[in-house]
Amino acid sequence: MERKIRVLVAKPGLDGHDRGAKVIARALRDAGMEVIYTGLRQTPEQIVQAGMQEDVDCIAMSILSGAHNHLFPRVMELLKERKVDDILVIGGGVIPESDIPFLKSAGIAEIFGPGTPTKVTIDFIRANLKRNS
Amino acid sequence: MSDDIVAGIRSGDVRAIARTISRIDNGDPGIVGIVKALHVHTGEAHVIGITGPPGSGKSTLVDKLVRSYRRDGFTVAVVAVDPSSPFTGGAILGDRIRMQAHATDEGVFIRSLATRGHLGGVSRATIDTVRVLDAAGYRRIIIETVGVGQSEVDIVRLADTIVLVSVPGLGDDIQAIKAGVMEIGDVFVVNKSDRDGADRVVREIKGMLETALVNGTTPPFALAGHGVAKAAAGYSDDPHGLPPVIKTIAETGEGVDSVKKAIEGHRAGLDQAGLLRARRLANVEHELRSVVTDRLTALLERDDIRSRTKMLSAEVVDRARDPHDAADDLMAAMG
């Protein structure tokens, strides 16, 4: 039986703009992936717990409120606390170029800014999965 | 290794549970041993199937039921099944949106499954997923599916108690739910009952249930369960013990406690009448059939059987054989 790539698409923080997250969710679905969408205003705790219960390969977070420097690393911290090291974590939204090195050093694999073609994100997920089974 | 996984599941380890469900979902043959080992640790949970047309508010109802069960001190697992796209094989599983309030509650485990288009396989994957969650100690397990076709009906058929949700205003949703689905309900919910037409939907459902009673098409275990359950906890106020029809507004939580009471009353009724075993026997019989059907389907895909099928088909077209004879030949080849 074929294995499906499962992705949790999450909106951490307090902004209410999920257009981008929904576009990504739809693109990933059309690429044959199973997307679990959590909706708006998720805490890092909710995101990590949902990601673990759903046993996803990738957590994709979108944020436009500017709180990424706090919330993204917090997600990485929680994953580490729970000894989860095989979930690929990526981010998107309005994130200044200058914040990207910090986020990457915190463990976010890649940041996709506005206007990134969805194919780039899809290809990145496929190429960077941390597990095969 | 496999002992570790079983122990992990039994101790409620989220990762062990989640990974095992994925392997089941992926059809990993290595998982069979684990499912087998878990079987003796199952049977404690009350399995509740909830189905209804898209947009009828099932996820919201489930969210509120989970909240209500948590207040009673029960651990709860939810298996939310959504369709895969037949075109890309992908899926957007959005049932969690309504349930994320429970994400950080350790007493709640929510898992979304996609139907993945394999014949019959979904219900099997769901059964084994429920088994894992049962063995992990969750005492109420809710399976949520969109009630649109036979395969979804098959999924909820593995439950101890089946809840059918409908809403006013869809016009023909009753039509959709009627074809082979209506008969299996133990509890009927008319959600969004603040909308026009709710009472009419209630009347229609009651009418159908009464007709089924007169025609004798109500499954005996269900009816007997209802008859007995009637006495228990106000499960049903119908003089014939027919399933209750409950109006809810899941969004505000109105009526949700009545639904929970009815579900619990149904289960208590089955227990008191010694009918739970009959119900589970019927469910397992159904499951065994589907396991065997799956295996036979897999057998048909084996190379030698495939080429034999091709050869026999040519003979049938050339009138060297008739189809029934060819089928006999094929069955013999399959052993």
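Rules behind the numbers
- Residues numbered from 1 in each chain as written.
- Chains lettered and ligands numbered in written order.
- Predicted model: local features only at pLDDT ≥ 70, side-chain atom pairs only at ≥ 80, totals over all residues.
- Heavy atoms only, no water.
- Helix = DSSP H or I, 4+ residues; strand = E, 2+ residues; numbered from the N terminus.
- Rg over C-alpha atoms; globule rule 2.2 N^0.38 Å.
- Buried < 20%, exposed > 50% of the residue type's maximum accessible area, 1.4 Å probe, protein only.
- Contact = heavy atoms within 4.5 Å.
- Areas by Shrake-Rupley, 256 points an atom, 1.4 Å probe, with all protein chains shown as cover.
- Lys, Arg positive; Asp, Glu negative; His and termini not counted.
- Charge placed at Lys NZ, Arg CZ, Asp CG, Glu CD.
- 1 Å grid on protein atoms, 1.4 Å probe; cavity = no way out; pocket = protein on both sides within 12 Å on 5 of 7 lines; lining within 4 Å.
- Points joined across faces, edges and corners; volume = space filled by probe spheres on them.
- Nonpolar A, V, L, I, M, F, W, Y, C, P; charged D, E, K, R; others polar.
- Pairing = 2+ DSSP bridges.
- Phe/Tyr/Trp six-rings, centres within 6.5 Å; stacked < 30°, edge-to-face > 60°.
- Lys NZ or Arg CZ within 6 Å of the ring centre and 35° of its normal.

Caption draft 1: How the structure looks around the overall build of chain A. A tally of regular secondary structure across chain A gives 5 helices and 5 strands. Helices (α) and strands (β) of chain A occur, in sequence order from the N terminus, as β-α-β-α-β-α-β-α-β-α. Compactness check: chain A gives a C-alpha radius of gyration of 13 Å against a globular reference of 14 Å for 133 residues, within 12% of the reference. The proportion of buried residues among the 133 residues of chain A is 56%. Of the contacts formed within chain A by residues at least 6 apart in sequence, a portion of 73% connects residues at least 24 apart. Working note: accessible area of chain A is about 5,800 Å², and carbon and sulfur atoms make up 54% of it. One way to put it: in chain A the 18 positive side-chain charges average out to a point 3 Å from where the 17 negative ones average out.

Caption draft 2: View of empty space enclosed by the protein. Evaluated as defined, the whole model comprises 2 cavities of 30 Å³ or more. Roughly 60 Å³ of volume is contained in the largest cavity. Tallied by class, the residues present in the lining of the largest cavity amount to no nonpolar, 2 polar and 10 charged.

Caption draft 3: Broad picture of helix α2 (residues 44-53) of chain A. Within α2 of chain A, 9 of the 10 residues are buried, which leaves the element mostly enclosed by the surrounding structure. Elements in contact with the buried residues of α2 of chain A: β1 (6-10), β3 (58-63) and α3 (68-81) of chain A together with α2 (14-25) and β4 (108-114) of chain B.

Caption draft 4: Here's a closer look at the pairing of β4 of chain B. Residues and elements named next belong to chain B. Within β4, 7 of the 7 residues are buried, leaving the element largely enclosed by the surrounding structure. The alternating pattern of β4 places Val108, Ile110, Ser112 and Ala114 on one face and Phe109, Arg111 and Leu113 on the opposite face, and all of these are buried. By the bridge criterion, 7 bridges tie strand β2 (residues 76-82) to β4 in an arrangement that is parallel. Following the sheet pairing, Asp82 is matched in β4 by Ala114.

Caption draft 5: Local environment of the packing of aromatic side chains. By the definition in use, this model includes 3 aromatic pairs over all chains. Note on Phe112 of chain A and Phe124 of chain A: the rings are 5.6 Å apart at their centroids and 75 degrees apart in plane angle, and the pair reads as edge-to-face. One end of the pair, Phe112 of chain A, is in strand β5 (residues 110-112); the other, Phe124 of chain A, is in helix α5 (residues 118-128), and 12 residues separate them in sequence. For Phe112 of chain A, a relative accessible area of 11% puts it in the buried group. Of note, Arg140 of chain B hangs over the ring of Phe74 of chain B, and the distance from its end group to the ring centre comes to 3.9 Å.

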